[in-house]
Amino acid sequence: MKKIRICMAQINPTVGAIGDNAKKIKLFITKAKASGCDLVVFPELALVGYPPEDLLLKASFVDENIEALKKIASEVHGIVVVIGFVGITKSKKILQSKKSQIYNSAAVIEGGLVRGLYHKMHLPNYGVFDEERYFSKGSTPLNFKLLGVTFGLGICEDIWEADGPAKAEVLAGAEVILNINASPYHHGKVQLREEMLAKVAKKNKVSIIYSNCVGGQDELVFDGESMVVDEKGEVVLKGASFAEELIVFDLEVAKKEKKKNITKKIRVKTINLKSAALREEKKLVKRSPSSELTKEDKIIAALVIGTKDYARKNGFKDCVIGLSGGLDSALVSVVAVKALGKKNVLGIFMPTRYSSEESQQDAELLAKNLGIEFLEVSVEELFKDYLKMTKNIFKKKKASTVHGITEENIQARIRGNIIMALSNKFGSLVLTTGNKSEMSVGYATLYGDMAGGFAVIKDVPKTLALLLCKRINEVSTEVIPKRILTKPPTAELRLNQRDEDTLPPYEVLDPILKAYVEENKSCVEIVEMGFKSSVVKKIISLVDKSEYKRRQAPPGIKITQRAFGRDRRMPITNRYK
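From a predicted model like this one, the values you see are computed outputs, not experimental measurements.

A. Main features of the overall build of the protein chain. Scanning the protein chain from N- to C-terminus turns up 19 helices and 20 strands. Taken over C-alpha atoms, the radius of gyration comes to 27 Å for the protein chain, in line with the 25 Å a tight globule of 577 residues would show. Taken along its principal axes, the extent of the C-alpha atoms in the protein chain is 85 × 50 × 50 Å. When the 577 residues of the protein chain are sorted by exposure, 54% land in the buried category. Long-range pairs, those at least 24 residues apart, make up 75% of the contacts in the protein chain with a sequence separation of at least 6.

Structure below.
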């Protein structure tokens, strides 16, 4: 058996913060050396953060990342380091136009030098990914040999491809595939990864080291859960969910017979690295795969780290939330407290004539249970002034003055105005409380309850929001008042209003939305699932007509397979039905 100690540095980089990311990388290299590691591996584009988007179009950004890599390399001794960064090459043809090709790359560093470069060969260009917009494709697989073990290198999408570099690298002698990632989370993603890695491992009879990053970046959340999969396809080690971690493990590789005459037609570059400096042997406690969190726990963790990182990385220390006494604002408040701390969360209840006493009591009790500051600011007098002013305008234009959607939305927009004033005055981040069900069908008010900086549950359907709240109460002994979980959903913008006055029950609505929005099913296909044709047609019409609203909504955390925004991109002006 050949033995080598490896570290997966599951870190949380910040897009564009090249200097800070470099400091973090150096810190983790130091920790890896202290743990007696021979090899430490960092995630995809760890030096610049993922995804850097149009920052990649700035030559200065790419150059700064190259200089930072050189500086890190110059300080690496006694350990081998693999780092994801933006690579660059120049050809004669490109030099004539004074342009460069850039790559999603990995550097293999040893002895103060970059000993090898690998450029990602398969660029994802679907869903949230736009890599073909920026990067050129690599063409040469790369193996490197360390302490008698041959590693094949790949970056994220490379391992998902049946004819990706892993196949060629194994045929050229790789005993372990090392794959670095910035793989975004959505519910069920980990299972997909494990199934894919098991298939690749068994097919190629090779162990796989799958190293992922962690943290929030705008709408995306990275869940970590780096893992080691053995030749049988079994997960033998897994990193933490949604947390930075240095994952240290001893990898034992059985000696195999050398394959004959299989590399002649395969163009695989191989570099031989010197053994790492001799260090005192340290005993390592064998780790098992981490225990699985429940579906609800993982989604809550994703919402928390997504909110925390959006606030932290954009310079916000505290937040303000409009409390309604309902389910959605309760869920957002719990997430905010977990993300930012109770001292940094302000809840404000803004009643009008239609707000019930129960809502006021529930909002105040929620704030008390969470230990957050609570304000009650009545907007009734402002509402009266608006009604008086607009009534005169409507009369002149010979429009109806009967209370309707216009008057309902005025209340929401007054509240939006007040909550944004608090944001301006105190520099607080406004967290909106609309869920995916509402965003889908436009059951939200532009410049009202949609006003804010970050939409925490924008991708959480109403029925899922209820499950999350129930799970929170299971863990924290009814931190959310019980009545919030049982009373009928209502916007309270008119007398005795209920969501079901306008929409089907959420138990009916959400499956239709999932089929149409996330699975791209047609009206006919959804009706065949057992739903009424008239209901399906109405919901599809509402979704299509609400695109202009969603385009103006703040960014929110992706937790489903297909979220609005980065995933689902529909034209606003659209006559296709």
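Okay, back to it.
B. Here's a closer look at helix 16 (residues 506-518). Every buried residue of helix 16 is listed here: Tyr506, Leu509, Asp510, Ile512, Leu513, Ala515, Tyr516, Val517 and Glu518. Close packing links the buried residues of helix 16 with helix 13 (436-441), helix 14 (462-476), helix 17 (523-527) and helix 18 (533-545). A positive phi of about 60° marks Asn520, the residue just after helix 16.

C. Seen up close, the sheet that holds strand 13 (residues 235-238). In spatial order, the strands read 13-12-9-8-7-6-15; together these seven strands make up an open sheet with mixed pairing. In this open sheet, the two edge strands, each paired with only one partner strand, are strand 13 and strand 15 (269-272). Strand-to-strand twist across the sheet, computed as the mean angle between neighbouring axes with direction ignored, equals 20°. Taken together, the five bridges between strand 7 (residues 149-155) and strand 8 (residues 176-180) define a ladder with parallel strand orientation. Across the sheet, residue Gly154 finds its bridge partner in strand 8, namely Asn179.

D. Here's a closer look at the packing of aromatic side chains. What the rule picks out here adds up to five aromatic pairs. Taken together, a centroid distance of 6.3 Å and an interplanar angle of 85° make the contact between Tyr50 and Phe222 edge-to-face. In this pair, Tyr50 sits in the loop between strand 2 (39-41) and helix 2 (59-74) while Phe222 sits in strand 11 (residues 220-223), placing the two residues 172 residues apart along the sequence. Assessed through its relative accessible area of 7%, Tyr50 is described here as buried. Ring centres of Tyr185 and Phe242 lie 5.3 Å apart, and the angle between their planes is 75°; on these two criteria the pair is classed as edge-to-face. Residue Tyr185 is found in the loop between strand 8 and helix 7 (189-204), and its partner Phe242 is found in the loop between strand 13 and strand 14 (245-253); the two are separated by 57 residues along the sequence. In this structure, Tyr185 and Phe242 share a single accessibility class: buried.

E. How the structure looks around the nonpolar core. Leu303, Leu431, Val456, Ile480 and Ile559 are the most contacted members of the largest nonpolar core, which has 49 residues in total. For this core, the secondary-structure elements that each account for two or more residues are helix 8 (295-313), strand 16 (319-323), helix 9 (327-340), strand 17 (345-349), helix 10 (357-370), strand 19 (429-432), helix 14 and helix 15 (482-486). Ranked by residues supplied to this core, first place goes to helix 9 with ten residues. Among all residues touching Ile559, those that are not within four sequence positions of it are Tyr185, His186, His187, Ile299, Ala302, Leu303, Asp459, Val460 and Leu464. Cys7, Ala9, Ile66 and Ile83 belong to the second largest nonpolar core, which has 45 residues in total.

F. Examining the pattern of salt bridges more closely. Under the definition given, this model contains 36 salt bridges. Here Arg494 makes a salt bridge to Glu408, at a shortest N to O gap of 2.8 Å. Linking Arg494 in the loop between helix 15 and helix 16 with Glu408 in helix 12 (residues 405-426), this pair joins segments that are 86 residues apart in sequence. Given a relative accessible area of 26%, Arg494 falls into the partly exposed group.

G. Geometry of the pairing of strand 14. Among the nine residues that make up strand 14, seven are buried, leaving the element largely enclosed by the rest of the structure. Where strand 1 (residues 2-10) and strand 14 come together, nine bridges link them in antiparallel fashion. Of the residues in strand 14, the one forming a bridge with Lys2 is Val253.

H. Representation of the pairing of strand 7 in the model. For strand 7, a buried count of seven out of seven residues is recorded, marking the element as mostly surrounded by other parts of the structure. Of the two faces of strand 7, both are covered, the one formed by Val149, Phe151, Leu153 and Ile155 as well as the one formed by Thr150, Gly152 and Gly154. Bridge count between strand 6 (residues 142-146) and strand 7: five bridges; the pairing is antiparallel. What sits directly across from Leu146, in strand 7, is Val149. Hairpin connection between strand 6 and strand 7: a loop of two residues separates the two successive antiparallel strands, and Leu147 in this loop has a positive phi of roughly 50°.

I. Main features of the state of the cysteines. Inspection of every chain in the model, using the stated rule, returns one disulfide. Each sulfur in the disulfide pair Cys7 and Cys37 lies 2.3 Å from the other. Measuring the twist about the S-S bond at about 55°, one finds the Cys7-Cys37 disulfide to be right-handed. Of the two residues, Cys7 is situated in strand 1 and Cys37 in the loop between helix 1 (18-34) and strand 2; the sequence distance between them amounts to 30 residues. Free of any disulfide, Cys319 has its nearest neighbouring cysteine sulfur in Cys469, separated by 16 Å.

J. Structural view of the sheet that holds strand 5 (residues 113-119). Reading across from one edge, 5-4-3-2-1-14 is the order of the six strands in this open sheet, with mixed pairing throughout. The outermost strands of the open sheet, each flanked by one partner alone, are strand 5 and strand 14. Pairwise comparison of adjacent strand axes, ignoring direction, gives a mean angle of 35° for this sheet. Packing against the sheet, helix 1 makes contact with strand 1, strand 2, strand 3 (80-89) and strand 14, and its axis sits at approximately 45° to strand 14.

About the cut-offs
Residues numbered from 1 in each chain as written. Predicted model: local features only at pLDDT ≥ 70, side-chain atom pairs only at ≥ 80, totals over all residues. Heavy atoms only, no water. Helix = DSSP H or I, 4+ residues; strand = E, 2+ residues; numbered from the N terminus. Rg over C-alpha atoms; globule rule 2.2 N^0.38 Å. Buried < 20%, exposed > 50% of the residue type's maximum accessible area, 1.4 Å probe, protein only. Contact = heavy atoms within 4.5 Å. Pairing = 2+ DSSP bridges. Axes fitted to C-alpha atoms, helices over the stretch in contact; angles between N-to-C directions. Phe/Tyr/Trp six-rings, centres within 6.5 Å; stacked < 30°, edge-to-face > 60°. Core = buried A, V, L, I, M, F, W, Y, C linked by side-chain atoms within 4.5 Å. Salt bridge = Lys/Arg side-chain N within 4 Å of Asp/Glu carboxyl O. Disulfide = S-S within 2.5 Å.

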